[in-house]
Amino acid sequence: MEQNSQDGAARRDTGPATWRAGIRRAIRTAGRPGPWKRGRVLAALALLLGLLLLLHAQITDRGGLGSLVETFLPWWGLFIPLLLAAALWRRSASAVVALLLPVGVWLSLFGPLLTDKSHAGSDLTVVSHNVGADNPDPAGTARDLAASQADVLALEEITPQAQGAYEKELAKAYPHHTVRGTVGLWSKLPLSGIRTVDVAMQGMVGPLAEHLSAEEKKATPRALRATVATRQGPLAVYVAHLGSVRVNPRTGFATSQRDDGAQALAKAVGAEDNKRVVLLGDLNGTMDDRAFAGITSHLRSAQDTAGDGFGLSWPAKFPMARIDHVLVRGVQPDSSWVLPATGSDHRPVAAGITV
């Protein structure tokens with residue numbers, strides 16, 4: 001009898017306590033934000049990322065900000081998996097849905113580059129390579145380029161000290177060649193109509209400048225134009241090396257010299273009488289950069305049209321941007337690829353074209 005009384009008392013004491021604990025749990029549960037309310041900051045970041053990709057052309061270019069964003073535009077996509085992982089960890093439905101915007105915009109911009117658009121067959125193989133002013137083995141680089149069996153070979157950043165090595169090593173494979181300042185063109189086919197092209201250089205900075213005198217920096221050509229005599233008819237070939245860009249803590253992303261060169265080059269290409277044109281060179285910028293709108297209005301990228309992947313060319317050890325280009329007009333790109341690294345800080349880029 002006494003035991004039953006104790007059990008009843010225990011039940012009376014336990015019942016209200018359990019009931020109160022349940023109420024507290026319910027209140028806590030009700031107070032927690034639901035999956036649509038959690039991760040609002042993540043959702044906002046996802047939307048901002050999507051807007052940045054969508055409206056990158058509207059970003060101010062004060063201090064070169066717009067150009068800097070566009071130079072590495074594909075890499076902004078790396079924030080998508082990071083935000084997705086954070087959204088899943090937070091169990092935020094709103095953040096996951098918000099990520100649909102940057103995913104959609106990124107795929108619309110760069111999705112086509114993820115497929116192989118190349119096909120066999122071409123009339124000519126062209127190669128462009130910034131051989132590097134500080135290249136410790138110009139002769140070896142020349143042999144590597146000759147082994148590519150390119151029909152037309154463009155070199156940029158040729159120093160006076162290394163020019164002889166390139167001419168000697170490439171002489172057998174390329175009976176026709178011309179060098180203007182720090183750019184050169186080697187060809188298995190005859191060349192004519194050779195002239196320099198003014199790309200508005202008012203001096204030089206970077207490794208190349210260290211190999212030139214003060215007068216040479218001002219007067220040395222950085223672009224040329226030649227006619228290549230193909231079996232299908234004359235082909236206008238431009239070789240260009242536009243001004244370097246620099247990140248400066250005070251002035252930002254300094255691109256003015258390159259941008260002036262891009263405008264001058266666009267004007268020259270736009271005035272070209274030959275309907276068939278190839279531009280080879282180190283333009284120190286990607287085709288996503290607004291600075292090249294004038295050039296892309298006349299020419300299209302062989303990599304975008306017939307490449308496999310992004311075709312990144314710089315820096316050679318871990319390429320992050322395609323600043324070396326094969327751009328064409330009036331010819332059909334059949335394939336585009338990046339060659340193995342040489343002694344330069346750039347990788348060579350190649351394309352097969354039907355003239």
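Above this note sits the structure.
1. Describing the sheet that holds strand S11 (residues 300-301)
Piece 1. Spatial ordering of the open sheet is given by S5-S6-S7-S10-S12-S11, a layout of six strands whose pairing is mixed. Taken across any chain shown, the strands that pair with only one partner, and hence form the sheet edges, are strand S5 (191-196) and S11.
Piece 2. Pairing between strand S10 (residues 277-282) and strand S12 (residues 324-329): six bridges, direction antiparallel. When the sheet's bridge partners are listed, Gly 281 is paired in S12 with His 325.
Piece 3. Together, strand S7 (233-241), S10 and S12 form the strand contacts of helix H10 (residues 256-270), whose direction differs from that of S7 by roughly 175°.

2. Details of the packing of aromatic side chains
Piece 1. A full pass over the atoms with the stated rule returns five aromatic pairs.
Piece 2. Here the aromatic rings of Trp 75 and Phe 318 are separated by 6.5 Å at their centres, their planes lie at 40°, and the arrangement is tilted. Placement of the pair is Trp 75 in the loop between helix H3 (65-71) and helix H4 (79-90) and Phe 318 in the loop between helix H12 (302-306) and S12, with a sequence separation of 243 residues.
Piece 3. Take Trp 75: its relative accessible area is 27%, and that puts it in the partly exposed class.
Piece 4. Judged by its relative accessible area of 54%, Phe 318 falls in the exposed class.
Piece 5. Aromatic ring contacts, followed pair by pair, group Trp 106, Phe 110 and Phe 310 into a single cluster.

3. Concerning the pairing of strand S14 (residues 349-354)
Piece 1. Burial analysis of S14 places five of its six residues in the buried class, the great majority of the element.
Piece 2. As paired elements, strand S1 (residues 124-130) and S14 share five bridges and run antiparallel to each other. Residue pairing in the sheet places Val 126 in a bridge with Ala 351 of S14.
Piece 3. Pairing of strand S13 (residues 332-338) with S14, which is carried by six bridges, proceeds in the antiparallel orientation. Bridge assignment links Pro 333 to a residue of S14, and that residue is Ile 353.

4. Comments concerning the environment of Pro 138
Piece 1. Within the element layout of this structure, Pro 138 appears in helix H7 (residues 138-147).
Piece 2. Leave out the neighbours within four places in its chain, and Pro 138 touches Ala 162, Ala 165 and Tyr 166.

5. Re the pattern of salt bridges
Piece 1. As enumerated under the stated definition, the model contains five salt bridges in all.
Piece 2. The shortest N-O distance in the salt bridge between Arg 258 and Asp 289 comes to 3.1 Å. A residue pair is termed long-range when its members are at least 10 positions apart, and Arg 258 in helix H10 and Asp 289 in the loop between S10 and helix H11 (293-296) qualify at 31 residues.
Piece 3. For Arg 258, a relative accessible area of 0% translates into the label buried.
Piece 4. Residue class for Asp 289 comes out buried when judged on its relative accessible area of 1%.
Piece 5. Taken together, the shared-partner salt bridges in this structure form one network comprising Arg 258, Asp 259 and Asp 289.

6. Regarding the nonpolar core
Piece 1. In this structure, Leu 185, Leu 235, Val 278, Leu 280, Val 326 and Ile 353 are the most contacted members of the largest nonpolar core, which totals 23 residues.
Piece 2. At the level of secondary structure, the elements contributing two or more residues to this core comprise S1, strand S2 (152-156), strand S4 (183-187), strand S6 (223-230), S7, S10, S12 and S14.
Piece 3. Contacts of Leu 185, omitting those with residues within four sequence positions, involve Val 152, Leu 153, Ala 154, His 176, His 177, Thr 178, Leu 191, Leu 224, Ala 226, Val 237 and Val 239.

7. Notes on unusual backbone geometry
Piece 1. Across the junction of Trp 314 and Pro 315, the peptide omega takes the value -10°, indicating a cis bond.
Piece 2. Among the secondary structure elements, Pro 315 is positioned in the loop between H12 and S12.
Piece 3. Positive phi, close to 60°, is recorded for Gln 149, a residue that is not glycine.
Piece 4. Summarising the element assignment, Gln 149 is placed in the loop between H7 and S2.
Piece 5. Take Gln 149: its relative accessible area is 61%, and that puts it in the exposed class.
Piece 6. The backbone of Asn 284 sits at a positive phi, close to 55°, despite the residue not being glycine.
Piece 7. Relative to the helices and strands, Asn 284 is located in the loop between S10 and H11.
Piece 8. Judged by relative accessible area, which is 13%, Asn 284 ranks as buried.

8. Thoughts on the packing of H7 against helix H8 (residues 160-170)
Geometry of a packed helix pair, given as the angle between the helix axes and the separation of the axes.
Piece 1. Contact geometry of H7 with H8 gives a least axis separation of 8 Å together with a crossing angle of 35°. When you trace H7 past H8, the crossing you get is right-handed. Taking contact as the criterion, the partners of Pro 138, Ala 139, Thr 141, Ala 142, Arg 143 and Ala 146 in H7 are, on H8, Ala 162, Ala 165, Tyr 166, Glu 169 and Leu 170.
Piece 2. Broken down by class, the residue content of the contact of H7 with H8 amounts to eight nonpolar, one polar and two charged.

What counts as what
- Residues numbered from 1 in each chain as written.
- Predicted model: local features only at pLDDT ≥ 70, side-chain atom pairs only at ≥ 80, totals over all residues.
- Heavy atoms only, no water.
- Pairing = 2+ DSSP bridges.
- Helix = DSSP H or I, 4+ residues; strand = E, 2+ residues; numbered from the N terminus.
- Contact = heavy atoms within 4.5 Å.
- Axes fitted to C-alpha atoms, helices over the stretch in contact; angles between N-to-C directions.
- Phe/Tyr/Trp six-rings, centres within 6.5 Å; stacked < 30°, edge-to-face > 60°.
- Buried < 20%, exposed > 50% of the residue type's maximum accessible area, 1.4 Å probe, protein only.
- Salt bridge = Lys/Arg side-chain N within 4 Å of Asp/Glu carboxyl O.
- Core = buried A, V, L, I, M, F, W, Y, C linked by side-chain atoms within 4.5 Å.
- Left-handed = near helix turned anticlockwise from the far one by under 90°.
- Nonpolar A, V, L, I, M, F, W, Y, C, P; charged D, E, K, R; others polar.

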